[in-house]
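Listed below are the residues making up each chain.
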Amino acid sequence: MPQTKRSMDVLIVGAGLGGLATGLALQTDGHRVTIIDAAPEFGEAGAGIRIPPNSSRLLIRWGVDMENMKKSVSNRYHFIRWQDGNTIVKLPFNNIVETHGAPYYLVHRADLHQGLLTAAQKAGVTILAKKRVVKYDFDAPSATTDSGETFKADLVIGADGIKSICRPLLTGHPDVPRDTGDVAYRILIPQEKLLADPELANLISDPCTTSWCGPDAHIVGYPIRDGEMYNIVVCAKSYNETTDEVWVVKGDNSELCKRFANWEPRVQKLCALTGDFMKWRLCDLPDLDRWVHPSGKAVLLGDACHPMLPYLAQGAAQSFEDAAAIRQCLAMDLDLHASLQRYENVRKPRVSLVQAKTREHQYILHVEDGSEQKTRDEKMQHNGTENPV
Ligand code: FAD
């Protein structure tokens, strides 16, 4: 456990998963944290999220009540299948606690967000909604909202997501998120619908995760809330349905059924059980030269700093690792600037590696059938996936 040598006023902009985790980690280490967010109320999209052991271990350490959170635990297998349903590789997850030191959870995002919010509030973090930051001063650290309210602190942390306004101001680079050409469909199906079909029942009753891979798309499915719902994330080449202004659009059942009409029967059945759902444009940003403002009093984390494509379930996980690293570095016997620099130095190589792997997986998981697909399959069968837990 890090020993706190200083106690500071910390302002975090953004109460997403990364901002809340960081607020919780720093407050429990003796800092006084305020988190402000533009949203009128706190919450997360209605969809599942995988919490691999590199992140579950931190949540448990910081006192997030994972014990009582309704969740599924991935403790059987991760199947990677072709679109015809045959198995490319079956990865055992039954010994994940022994090998990685913590469980692999499958949860509803809203439950995870609420768990973090509750833990942060209990620890004493001040969390305020309806505060849209439009201006920063990084030398005399502060953030000013659209209503003219200014929040001052010793340290400002930008955790305002992929559309961050903190990032370009802090780095001086006016990066614009790049469309990767893929969209993510996020779908939840109630358990009764799967249980009614013998071919689908074990998808929900058995806590396995499954990835079906085919040209231009892959589908990840897993149970959440102790099997109350089956969560599906489809990452697929976009049909240009989003724009630079509108990243989230409605999708419907007939489109989905048509798209996956040639995939294995269980995929077709899952598509048929789907109601309306939302589709998200998947964007990326270039790697940054620096994460710390030259004043040494402001820094970035999470998607604002290193957005992560969802192909390896590591975006939130990496923001939790950021939180742990900031906490540790601030507790070192270094001045503030040197502590933040240390955080950047420690995190950058790890984050760059995970980002590079996720970008590679856009191709790996969507490769056309043929010789490259055969090579990919042989590699997967030999090495498993590259999931960097
Ligand atoms: P965000 O969640 O974007 O939070 C930013 C916050 O800042 C928001 O609350 C916003 O309201 C606020 N904000 C923005 N601008 C301002 C402003 N000007 N003033 C005040 N507040 C502001 N990761 C995993 O670890 N496992 C998974 O299984 C997984 N699956 C995914 C599936 C999909 C389809 C997608 C798209 C992502 C997935 N991820 C996953 C990634 C993960 O969701 C993100 O990396 C993570 O949520 C980022 O958290 P964040 O706190 O950095 O940013």
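Here is what the cut-offs are and how they apply
Residues numbered from 1 in each chain as written. Predicted model: local features only at pLDDT ≥ 70, side-chain atom pairs only at ≥ 80, totals over all residues. Heavy atoms only, no water. Salt bridge = Lys/Arg side-chain N within 4 Å of Asp/Glu carboxyl O. Buried < 20%, exposed > 50% of the residue type's maximum accessible area, 1.4 Å probe, protein only. pLDDT = per-residue confidence, 0-100. Disulfide = S-S within 2.5 Å. Pairing = 2+ DSSP bridges. Helix = DSSP H or I, 4+ residues; strand = E, 2+ residues; numbered from the N terminus. Axes fitted to C-alpha atoms, helices over the stretch in contact; angles between N-to-C directions. Phe/Tyr/Trp six-rings, centres within 6.5 Å; stacked < 30°, edge-to-face > 60°. Lys NZ or Arg CZ within 6 Å of the ring centre and 35° of its normal. Core = buried A, V, L, I, M, F, W, Y, C linked by side-chain atoms within 4.5 Å. Contact = heavy atoms within 4.5 Å. Near = heavy atom within 4 Å. Areas by Shrake-Rupley, 256 points an atom, 1.4 Å probe, with all protein chains shown as cover. Nonpolar A, V, L, I, M, F, W, Y, C, P; charged D, E, K, R; others polar. Expected span 1.5 Å × (residues − 1). Arc of directions from axis to C-beta.

Thoughts on the pattern of salt bridges
Step number 1: Going through the model one piece at a time under the given rule, you end up with 23 salt bridges.
Step number 2: One salt bridge in this structure joins aspartate 377 and arginine 376, with 2.9 Å as the shortest N-O distance. Arginine 376 shares its class with aspartate 377; the two are buried.
Step number 3: One network of salt bridges, in which partners are shared, links Arg178, Asp284, Asp287 and Arg359.

So, the confidence of the model for the protein
Step number 1: When pLDDT is averaged across the protein, the result is 94; 97% of the residues are at 70 or more.
Step number 2: For this predicted complex, the interface score ipTM comes out at 0.98, while the overall pTM is 0.95.

Brief notes about the state of the cysteines
Step number 1: Summed over all chains, the structure comprises 0 disulfides.
Step number 2: This cysteine, cysteine 257, is not joined by any disulfide, and cysteine 271 carries the nearest cysteine sulfur, 5.4 Å off.
Step number 3: Residue cysteine 257 is classed as partly exposed on the basis of its relative accessible area of 26%.

Side note on the sheet that holds strand E17 (residues 248–251)
Adjacent strands of a sheet pair through backbone hydrogen bonds, lying either parallel or antiparallel.
Step number 1: Reading across the sheet, the 8 strands line up as E6-E5-E14-E15-E16-E13-E18-E17 and stay open at both edges, with mixed pairing between neighbours. The open sheet terminates on both sides in strands that have one partner only, identified here as strand E6 (87–92) and E17. Pairwise comparison of adjacent strand axes, ignoring direction, gives a mean angle of 20 degrees for this sheet.
Step number 2: When strand E14 (residues 209–214) meets strand E15 (residues 217–224), the two strands line up antiparallel, connected through 5 bridges. Bridging from a neighbouring strand, threonine 210 pairs with glycine 221 of E15.

Re the packing of aromatic side chains
Aromatic ring pairs: the centre-centre distance and the angle between the two ring planes describe each pair.
Step number 1: Taken as a whole and assessed by the stated rule, the structure comprises 6 aromatic pairs.
Step number 2: Ring geometry for tyrosine 185 and phenylalanine 277: centres 5.3 Å apart, planes at 15 degrees, overall stacked. Pair noted here: tyrosine 185 is in strand E13 (residues 178–190) and phenylalanine 277 is in strand E18 (residues 277–284), with a separation of 92 residues, a long-range link. Phenylalanine 277 shares its class with tyrosine 185; the two are buried.
Step number 3: Positioned above the aromatic ring of tryptophan 247 is the side chain of lysine 163, whose terminal nitrogen or guanidinium carbon lies 4.3 Å from the ring centre.

Some words on the nonpolar core
Step number 1: Grouped together as the largest cluster of nonpolar side chains are 67 residues, with contacts concentrated most on Trp62, Leu112, Leu116, Ile157 and Phe320.
Step number 2: At 8 residues, helix H10 (residues 315–330) tops the list of elements feeding residues into this core.
Step number 3: Excluding anything up to four places from it in sequence, tryptophan 62 contacts Ala21, Leu24, Ala25, Phe320, Ala323, Ala324 and Arg327.
Step number 4: Counting 23 residues, the second largest nonpolar core, distinct from the first, contains Cys235, Ala313, Leu365 and Met380.

Things to note about the environment of glutamate 245
Step number 1: Residue position: glutamate 245 is located in the loop between strand E16 (229–237) and E17.
Step number 2: In the structure, glutamate 245 is positioned 74 residues away from threonine 171 in sequence and 23 Å away in space, judged by C-alpha atoms.

Concerning the site of the ligand
Step number 1: Close to the ligand lie 30 residues, the nearest being Gly18, Asp37, Arg50, Arg109 and Asp303.
Step number 2: Against a free-state accessible area of 1,000 Å², the protein chains account for coverage of 84% of the ligand.
Step number 3: Split into classes, the residues belonging to the shell around the ligand amount to 13 nonpolar, 8 polar and 9 charged.

Topic: helix H12 (residues 371–383)
Step number 1: Relative to the 18 Å expected for 13 residues at 1.5 Å per residue, H12 spans 18 Å between its end C-alpha atoms, a close match to the ideal helical length.
Step number 2: Taken together, the buried positions of H12 are Gln373, Arg376, Asp377 and Met380. With its buried residues spanning 100 degrees around the axis, H12 presents them on a single face. What points out from H12, more than 90 degrees from its buried face, is the exposed set Ser371, Lys374, Glu378, Lys379, His382 and Asn383.

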